[in-house]
Amino acid sequence: MGPQNTDRHHLACLTMNEIPNTSSDTSRHFIRQIIGDDVAAGVPGGKVVTRFPPEPNGWLHIGHAKAITINFGMAREFNGAFNLRMDDTNPSKESEDFVNAIQRDIEWLGCKWDNFIYASDAFDTMRDIAVALIKSCHAYVCEVPQEEWKNFRGVPSAPGTESPFRNRPVDESLARFDAMCRGECDEGAMCLRAKIDMTSPNIHLRDPVIYRVLHMPHYRAGKTWSAYPMYDFAHPIEDALEGITHSLCSIEFEVHRPLYDWVIDRLAELNLLIIRNGEPVRPKQREFARLNLTHTVMSKRYLLQLVQEKKVTGWDDPRMPTISGFRRRGFTPESIRDFCERVGVSKYKSLTELALLDSCVRDDLNRRATRRMAVINPVKVVIDNFPADAEEFFDAPNNPEDPAAGSHQVPFSRELWIERDDFMEVPEKKFFRVTPGQEVRLRYACLFKCTHVEKDAEGNVAEIHGTWDPASRGGTSPDGRKVKATIHWVSVKHALPVEVRLYDKLFTVPEPQADPDRDPHDFLNPNSLVTRTAFAEPALAGAAPGEHFQFERLAYFCVDPDRDAEGRPVFNRTVTLKSST
RNA sequence: UGCCUCAUGGUGUAACGGUAGCACAGCAGACUCUGGAUCUGCUUGUUUAGGUUCAAAUCCUAAUGAGGCAACCA
């Protein structure tokens, strides 16, 4: 107990005095601990190597971002290496387009890989290993038809039965495996199985298929192969070949781990583990829980359905939880990485609130987004004591959080647009904005007092009339009087009409998939996209695609790649500002 | 129901046998030329039942609840 307390104290001192701000705010999650312990105990060559192994058959989503940042983050934290590997062992849905999209998204996230690898480049090696396994009686070609195998496999609660081909002569298996690879047999007619244990309570160990026949060209390997390795066989080989020390994956692979280790054991017997500084590198698979987000569906299948049914405009629709969707919506790589860090890593099947992601982007954009004024739901203000032809220019800081960002000029004139919400003819309690007789500040410009309104035939407010105090130019009055509200505005004659796309949650309920009997379609938010024309200050005319702005008092916006018919920028609402009303 | 895994405020996550902390959300207040930001304070938690121990969120047993596994997908 004594020594322990001493250690504790020592550690506390270390934390406070010697470890700078690097890891003090990151949690000691179990993966970090496992790798830390392994490094302390001695990893071959002292080098941690991780990998992210997507199958190039679709777009990456925010759930993948979690896996990427964990694998990338651990490699970086332990001064190791991070590989990006295309796990392309099933040609049916893979393509080079997906490879490119995946690379682009990961690059954008800022997770640089040290090596880029195609699993398919190792098809020869995998075949050789399969042959070696047949020769050592660890694998056999099974001709039990695919549909019949379930009778041999058994059920989880009862053992299976051995295949009649299990102990066939090695030469027979060798010949048939060769035929499989060369396309001389039908799909489903035979397969290569690992010979493990048909009585195992773990189904994955009941002679799993390691090669199956697929008469399908591979997007890279062409027609070279007619048999392809299964994930459970290929993955540990890929990891071993690359010298991966820690193979970090999501929780559903937990039950596969004994099989993963079985393959690694075979590779060790065959002396195929790579040697680093004299030691074989034996990869270790560890599993963490997937990311689940409220008001979101993450499954690739369902996202595909949304695209196909045109519920969204594409995989990069700003409402999609894809990385490309978030990018177009205006999320920054930093905000997504921060989110992944804040979500943490555990084995618990959690459901993270979308509000956390919102908080992460706001936090980042608050620091970096250029401030501009724009009015989305306009009503006209007429300043009766301001000359009709006059105009003034007021100086407005580009970002109050960053003085180095400088300032710009905003034109002001007799007629202005303000938000309809900022006016109430009959104010409710605590309404400090525009209402007859109440003075407010027009941001950066002056103090203004509403005197009366004009209404249209239906009784709607058509124009708000009032007066300004010329002595308050710039926003403050020499007499130092205070106003309780400051509102944004845009000069009518200088206004730039722009398209704004107001995005909101795709689903109206926190768990669209909670009820298996209900289609998530039932919960699609009909208002997830509202398009409007806003009046923006002219400085926004030159906004470039991808640029981030805060429309003051409203929300953060990002310039879309699209332009409107007039060639003017289109703004996507990333996230609203927090509002306490 | 066989095997594996998990369980800490509303949400997510720390605490590694010795003071249950952080973030998000929520609620107050201060400040403010954004009802933003910032600052301060507050509310809310160890699934249950036994056991080990001077001491249990932590170790053991059981219960309960949740997730995963029975593709020739990954």
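Scroll up to find the structure this text is about.
Residues numbered from 1 in each chain as written. Chains lettered and ligands numbered in written order. Predicted model: local features only at pLDDT ≥ 70, side-chain atom pairs only at ≥ 80, totals over all residues. Heavy atoms only, no water.

## Describing the overall build of chain A
Along chain A, the regular secondary structure elements total 13 helices and 27 strands. Against the compact-globule benchmark of 25 Å for 581 residues, chain A has a radius of gyration of 31 Å, which places it well outside the compact range. Each principal axis of the C-alpha distribution contributes one length, and for chain A these read about 100 × 65 × 40 Å. Counting across all 581 residues of chain A, residues that qualify as buried make up 49%. Long-range pairs, those at least 24 residues apart, make up 71% of the contacts in chain A with a sequence separation of at least 6. Total accessible area on chain A is roughly 27,100 Å²; 50% of this is exposed by carbon and sulfur atoms. When the 73 positive and 85 negative side-chain charges of chain A are each reduced to one mean point, those points stand 2 Å apart. (Helix = DSSP H or I, 4+ residues; strand = E, 2+ residues; numbered from the N terminus. Rg over C-alpha atoms; globule rule 2.2 N^0.38 Å. Buried < 20%, exposed > 50% of the residue type's maximum accessible area, 1.4 Å probe, protein only. Contact = heavy atoms within 4.5 Å. Areas by Shrake-Rupley, 256 points an atom, 1.4 Å probe, with all protein chains shown as cover. Lys, Arg positive; Asp, Glu negative; His and termini not counted. Charge placed at Lys NZ, Arg CZ, Asp CG, Glu CD.)

## Some remarks on the pairing of strand β17 (residues 415–419)
Counting buried positions over the five residues of β17 gives four, a clear majority of the element. Examined bridge by bridge, strand β14 (residues 378–383) and β17 share five bridges and lie antiparallel to one another. Bridged to K380 within β17 is W417. (Pairing = 2+ DSSP bridges.)

## Points about the sheet that holds strand β5 (residues 191–194)
With antiparallel pairing, the four strands of this open sheet are ordered in space as β4-β5-β6-β7. Only two strands of the sheet have a single neighbouring strand rather than two, namely β4 (139–142) and β7 (227–229). Along the sheet, successive strands turn relative to each other by an average axial angle of 20°, direction set aside. Sheet topology note: the β4/β5 ladder contains four bridges and is antiparallel. Paired with V141 across the two strands is L192, which belongs to β5. (Axes fitted to C-alpha atoms, helices over the stretch in contact; angles between N-to-C directions.)

## With respect to the sheet that holds strand β2 (residues 81–86)
One open sheet holds the three strands; their spatial order is β1-β2-β3, and the pairing between them is parallel. This sheet does not close on itself; its edge strands, each paired only once, are β1 (49–52) and β3 (115–118). Put simply, the sheet's adjacent strands are angled 30° from each other on average, direction ignored. Of the strand pairs in this sheet, β1 and β2 are connected by four bridges, and their pairing is parallel. In the strand pairing of β2, V49 is matched with A81. Running over the sheet, helix α3 (residues 62–77) touches β1 and β2 and is turned about 165° from β1.

## Notes on the packing of aromatic side chains
Two aromatic rings, taken as a pair, are described by how far apart their centres are and by the angle between their planes. Scanning all chains against the criterion turns up 22 aromatic pairs. When the ring of F551 is compared with that of F557, the centres are 4.3 Å apart and the planes differ by 25°; the resulting orientation is stacked. Taking relative accessible area as the criterion, F551 reaches 0% and is therefore assigned buried. Here the aromatic cluster, defined as three or more aromatic residues joined through ring pairs, consists of F386, F394, F412, W468 and W489. The ring of W149 is capped by R193, whose NZ or CZ atom sits 3.3 Å from the centre of that ring. When the ring centre of W262 is taken as origin, the NZ or CZ atom of R266, which lies over that ring, is 4.9 Å away. (Phe/Tyr/Trp six-rings, centres within 6.5 Å; stacked < 30°, edge-to-face > 60°. Lys NZ or Arg CZ within 6 Å of the ring centre and 35° of its normal.)

## A word on helix α12 (residues 333–343)
Buried within α12 are the following residues: P333, S335, I336, F339 and C340. End-on view of α12: buried residues confined to an arc of 165°, all on one side of the axis. Contact partners of the buried residues in α12: α3, α4 (96–109), α11 (323–329) and α13 (354–368). Looking one or two residues past α12, G344 carries a phi angle of roughly 80°, positive in sign. (Arc of directions from axis to C-beta.)

## Regarding the side chain of T50
With respect to the helices and strands, the residue T50 is situated in strand β1. When its relative accessible area of 0% is taken as the criterion, T50 is described as buried. Among the polar contacts made by the side chain of T50, one reaches the main-chain carbonyl oxygen of N71 at a distance of 2.6 Å. (Polar contact = N/O pair within 3.5 Å; in protein donor to acceptor, adjacent residues only side chain to side chain.)

## Looking at helix α9 (residues 257–269)
Helix length check: α9, at 13 residues, gives a terminal C-alpha distance of 18 Å against a target of 18 Å (1.5 Å per residue), a fit within 8%. Of all the positions in α9, only L259, Y260, W262, V263, I264, R266 and L267 are classed as buried. Buried residues along α9 sit against α5 (123–135), β5, α8 (231–242), β8 (246–250) and β11 (284–288). (Expected span 1.5 Å × (residues − 1).)

Shape is all these values report; function is a separate question.
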